[in-house]
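Each chain, letter by letter, is given below.
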Amino acid sequence: MFTLPQEESGAPTTSAGPASTQDLGSSYGDCLEGECSRKPDQKLPELCGLGDPVMFSSDSSCLSSRGRMIKWFWDSAEEGYRTYHMDEYDEDKNPSGIINLGTSENKLCFDLLSWRLGQRDMQWVEPSLLQYPDWRGHLFLREEVAKFLSFYCKSPAPLKPENVVVLNGCASLFSALATVLCEVGEAFLIPTPYYGAITQHVYLYGNVRLAYVYLDSEVTGTDTRPFQLTVEKLEMALQEANSKGVKVKGLILINPQNPLGDVYSPGELQEYLVFAKRHKLHVVVDEVYMLSVFEESVVYRSVLSLERLPDPQRTHVMWATSKDFGMSGLRFGTLYTENPDVATAVASLCRYHGLSGLVQYQMTQLLRDRDWINQVYLPENHARLKAAHTYVSEELRALGIPFLSGGAGFFIWVDLRKYLPEATFEEEMLLWRRFLDNKVLLSFGKAFECKEPGWFRFVFSDKAHRLRLGMQRVRQVLEGEAQVAEDPPPCQTQEPSDQHR
């Protein structure tokens, strides 16, 4: 939670949302996964209204207050990613370039995907694909999405095409849902650490804020785990928001979780949903990594698999092909909601965030090819993810570095607190810069609003030669660091198990 002064639109003077460097996630475009970098000297003055021109440079005078704010996000958020693209590693052309272990993309299965997308059944053009579609998405695609989610989410009853809306990615879904569910200045609860780009997704269009449910790494008992979300913590965060005059309209859950790689058990999901129903909150569940659970011991359950949702009219589930199918550049995302008003309102925004008819046809062909998905793609993808994860995990163990890994997603949550001379986010940023200077891009914990300085996210879903070089560079930085800080509280390495699944 942080304070934001009142705007002309009538937003409350106390709210959750962007206010200062300390409070702002570090980068926000989907292209950089919203977590790689931010210039630490670029600050949004906490005591200025969002539209106050004093916070922006004079060369932005041609923009509206919203335009200046949008430009500020862009300018302040992408230092690391821009640096990476100016000096991107290439094995032949630029072997001394930057290795990107910061952007959460699956780069392991291009061979499989390029083969499948190049098949003849993907190449089809007819008049309807070149004309305006139903803004919810072509019916043939929504029917296939409903079948696909019914099967892979293991829903107790077939899901319905009329409850499906198709947009160009989950970023658009977050923006659309925030806009249609919340008034200006209202907020979503969100557990931290979380995928930092959501801050911008919900704010830029809808002027909706985030109220943080702060989690920490402390383990308080045999049945607890680091960064564990509980209903008690949700209640405390909701009370704090209410005490500051912030109206909370919903709860955002990411399952599997980014950046923790954690998976909520069915019991935990049920508890969170009951909490939301008790307070009449919407629940937005991001399941974009649901098919990227690569450890056999980890049991993943979609919220759509629950026998009965406590409040189906306020439960909204999103999924996309960007992560599970390594297609972040194709921009396909889908919403499933049983609330017809929400579906209609989001669909009305699809005229700005829709997919071309040709892409909708290709997605339909891909999603209906269950044999290829089950027998070729998923087994090979999981095997490659597990092998890459094993390599990075072993490298971290060899360095004596604690980490958390839930057996899902593309990342490991790494504890580098002992390398900070002081436990501050300034020191965290300095360590991040030393990695970047040594030609490896990582994501630092403040970008995910982690409350403890010194946590970093390592993305492992890349080819072996890039991982090896990236980890060599990480080792060089860490071995050169003087470990002057006292040892932080112990944080046990978390391996996948059935204990809390």
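Data block above holds the structure.
Rules of the game
- Numbering of residues starts from 1 in every chain and runs along the sequence as written.
- pLDDT decides what is reported in this predicted model: residues at 70 or higher carry local features, side-chain atom pairs at 80 or more are listed and counted, and totals for whole chains, interfaces and linings draw on all residues regardless.
- Side-chain descriptors were evaluated using all non-hydrogen atoms of the structure, hydrogens and water having been removed beforehand.
- At least two DSSP bridges between two strands are required for those strands to pair.
- Under the scheme used here, helices are H or I runs from DSSP no shorter than 4 residues and strands are E runs no shorter than 2 residues, and both carry numbers assigned from the N terminus.
- Angles run from 0 to 180 degrees between N-to-C directions of axes, and those axes are lines fitted to C-alpha atoms, restricted for helices to the stretch in contact.
- For this analysis, a salt bridge means a side-chain nitrogen from Lys or Arg found within 4 Å of a carboxyl oxygen belonging to Asp or Glu.
- Relative accessibility under 20% of the residue-type maximum defines a buried residue, over 50% an exposed one, and the middle range a partly exposed one, all with a 1.4 Å probe and only protein chains included.
- Relevant arc is that of directions from the helix axis to the C-beta atoms, nothing else.
- Throughout, a contact is declared for two residues whenever any of their heavy atoms are within 4.5 Å.
- Counted as a polar contact is a pair of N or O atoms within 3.5 Å, where, for protein atoms, one must be capable of donating a hydrogen and the other of accepting one, and residues adjacent in sequence contribute only when both atoms are in side chains.
- What we call a nonpolar core is a set of buried Ala, Val, Leu, Ile, Met, Phe, Trp, Tyr and Cys residues that are connected through their side-chain atoms within 4.5 Å.
- A domain assignment, automatic or from a database, supplies the domain bounds used here.
- Patch membership is restricted to residues that have no salt bridge and whose relative accessible area is over 30%. Joining uses 9 Å for like charges and 5 Å for the nonpolar side chains Val, Leu, Ile, Met, Phe, Trp and Tyr.
- Accessible areas in this description were obtained via Shrake-Rupley with a 1.4 Å probe; residue shielding takes into account the shown protein chains only.

Caption draft 1: Structural detail: the sheet that holds strand β4 (residues 164-167). Reading across from one edge, β4-β10-β9-β8-β7-β5-β6 is the order of the seven strands in this open sheet, with mixed pairing throughout. Because the sheet does not close on itself, it has two edges, and the strands there are β4 and β6 (209-214). On average, adjacent strands in this sheet sit at an angle of 25° to one another, irrespective of strand direction. Across six bridges, strand β5 (residues 187-192) lies against β6 in parallel orientation. Residue Ile190 lies in a different strand from β6, and its bridge partner there is Tyr212.

Caption draft 2: Focus on the pattern of salt bridges. Tallied over the full model, the rule gives 20 salt bridges. Among the salt bridges present, the one from Glu235 reaches Arg278, with a minimum N-O distance of 2.7 Å. Residue Glu235 is found in helix α7 (residues 231-243), and its partner Arg278 is found in helix α8 (residues 266-278); the two are separated by 43 residues along the sequence. A residue is classified by how much of its surface remains accessible, and Glu235, at 17% relative accessible area, is buried. Its salt-bridge partner being Glu395, residue Arg475 comes within 3.9 Å of it at the nearest N-O pair. Here Glu395 lies in helix α13 (residues 370-398) and Arg475 lies in helix α15 (residues 464-480), a separation of 80 residues in the sequence.

Caption draft 3: View of helix α10 (residues 340-348). Buried within α10 are the following residues: Val342, Ala343, Val346 and Ala347. Seen along its axis, α10 keeps its buried residues to an arc of 130°; they face one direction. With respect to the buried face of α10, the exposed residues turned more than 90 degrees away are Pro340 and Asp341. Residues of α10 that are buried sit in contact with β4, α5 (170-181), β9 (315-320), β10 (333-337) and α11 (350-353). For α10, the capping residue at the N-terminal end is Asn339, with a side-chain oxygen 3.0 Å from the backbone nitrogen of Asp341.

Caption draft 4: Summary view of the sheet that holds strand β14 (residues 443-444). Strand order in this open sheet of four strands is β11-β12-β15-β14, and the pairing throughout is antiparallel. Here the strands that pair on one side only, and so sit at the sheet edges, are β11 (403-404) and β14. In the sheet, strand β12 (residues 411-415) pairs with strand β15 (residues 455-459) via five bridges, with the strands oriented antiparallel. Looking at the pairing, Trp413 lines up with Arg457 of β15. Where α13 meets the sheet, it contacts β11, β12 and β15, and its direction lies at approximately 10° from that of β12.

Caption draft 5: Fine view of the nonpolar core. Counting 145 residues, the largest nonpolar core has Phe148, Phe188, Leu189, Ile198, Phe325, Leu416 and Phe435 as its most contacted members. Two domains each put at least three residues into this core: domain 1 (72-110 + 374-479) and domain 2 (126-369). If sequence neighbours within four positions are ignored, Phe325 has contacts with Leu113, Phe148, Leu291, Trp319, Leu366, Trp372, Ile373 and Tyr377.

Caption draft 6: Expanded view of unusual backbone geometry. Residues Asn255 and Pro256 are joined by a peptide bond in cis, for which omega reads -5°. Note on placement: Pro256 falls in the loop between β7 (248-254) and α8. Along the chain, Asn258 connects to Pro259 via a cis peptide bond; the corresponding omega equals 25°. Within the fold, Pro259 resides in the loop between β7 and α8. Positive phi, normally seen in glycine, also occurs at Lys154, with a value near 55°. Its location among the elements puts Lys154 in the loop between α4 (139-152) and β4. The backbone of Lys280 sits at a positive phi, close to 55°, despite the residue not being glycine. With respect to the helices and strands, the residue Lys280 is situated in the loop between α8 and β8 (282-286).

Caption draft 7: Looking closely at the side chain of Ser292. Relative to the helices and strands, Ser292 resides in the loop between β8 and β9. Among the residues examined, Ser292 registers a relative accessible area of 0% and is labelled buried. A distance of 2.6 Å separates the side chain of Ser292 from the side chain of Asp324, its partner in a polar contact. Excluding its chain neighbours within four sequence positions, the residues that come into contact with Ser292 are Lys323, Asp324, His382, Leu385, Gly407, Ala408, Gly409 and Phe410.

Caption draft 8: Region of interest: a nonpolar patch on the surface. A contiguous nonpolar patch, built from Val125, Leu130 and Leu358 and spanning about 280 Å² of accessible area, is present on the exposed surface. By the element assignment, Leu358 lies in helix α12 (residues 357-368).

Caption draft 9: Geometry of the pairing of β15. Across the five residues that make up β15, a large majority, five, are buried. Judged by which residues are buried, β15 turns out to be covered on both faces: Trp455, Arg457 and Val459 on one side and Phe456 and Phe458 on the other are all buried. In this structure, β14 lies alongside β15, joined through two bridges in antiparallel fashion. Bridge pairing in β15 links Ser443 to Arg457.

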